Structures are given as C-alpha cells and as structure tokens.
Amino acid sequence: MKPKPKLLLLLLPATLSMGYFTLVSGLDVNMFSREMLVMIPLQVLAFVYVGYHNSRLNHK
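These notes cover the structure that comes with them. Since we're looking at a predicted model, the values are computed, not measured.

### Describing the overall build of the protein
When its secondary structure is counted, the protein shows 2 helices and 0 strands. Relative to its length of 60 residues, the protein is extended, with a C-alpha radius of gyration of 16 Å against a globular reference of 10 Å. If one aligns the C-alpha atoms of the protein with their principal axes, the spans along those axes are about 45 × 40 × 5 Å. Summed over its atoms, the accessible surface of the protein is roughly 5,800 Å², and 73% of this surface lies on carbon and sulfur atoms.

This is the structure we're talking about:
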C-alpha cells in the first residue's frame with residue numbers, strides 16, 4: 001500500500017520536529033538558551049515561507 005503524498009508531507013516534518021525537540025530537551029543548558037534553541041526552527045520556517053510567498057508573488 002503506497003502512502004499518500006500529503007500524508008508523507010505531514011509525517012516527515014512531524015518526525016523531524018519530534019526528534020529535534022527530544023534532542024533539545026535532553027541538553028543540559030539553562031532555560032533561556034533552551035527557549036532560543038526551540039525557536040530557531042520556527043524562525044527558519046518563517047523565513048522559508050516568506051521567501052517562497054514573495055517569489056510566487058513576483059512570478060505572477
């Protein structure tokens with residue numbers, strides 16, 4: 001049985017994010033640094049989304 005492409009697109013980031021948050025929660029750092037480490041993927045995702053959105057607007 002082949003997985004649906006949409007399901008794969010949801011499972012891949014979910015798996016990566018679970019692994020990332022597990023890794024960050026296991027680090028022995030202070031709370032401020034841990035909060036910054038958690039925010040990094042969200043900031044990168046926001047930059048990618050804005051860049052993709054702007055490139056689509058420029059091509060229309």
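Structure's up, so let's keep going.
### What about helix 1 (residues 5-26)?
Look at helix 1: 32 Å from first C-alpha to last across 22 residues, which is about the 32 Å you get at 1.5 Å a residue. Little of helix 1 is tucked away: 1 of the 22 residues are buried.

### Quick notes on the packing of aromatic side chains
Centre distance and the angle of the planes are the two values used to describe a pair of aromatic rings. Counted according to the given criterion, the structure contains 1 aromatic pair. A ring pair is formed by Tyr20 and Phe21, whose centres lie 5.7 Å apart and whose planes are at 70 degrees; its orientation type is edge-to-face. What makes Tyr20 partly exposed here is its relative accessible area of 25%. For Phe21, a relative accessible area of 36% translates into the label partly exposed.

Rules of the game
- Residues numbered from 1 in each chain as written.
- Predicted model: local features only at pLDDT ≥ 70, side-chain atom pairs only at ≥ 80, totals over all residues.
- Heavy atoms only, no water.
- Helix = DSSP H or I, 4+ residues; strand = E, 2+ residues; numbered from the N terminus.
- Rg over C-alpha atoms; globule rule 2.2 N^0.38 Å.
- Areas by Shrake-Rupley, 256 points an atom, 1.4 Å probe, with all protein chains shown as cover.
- Expected span 1.5 Å × (residues − 1).
- Buried < 20%, exposed > 50% of the residue type's maximum accessible area, 1.4 Å probe, protein only.
- Phe/Tyr/Trp six-rings, centres within 6.5 Å; stacked < 30°, edge-to-face > 60°.

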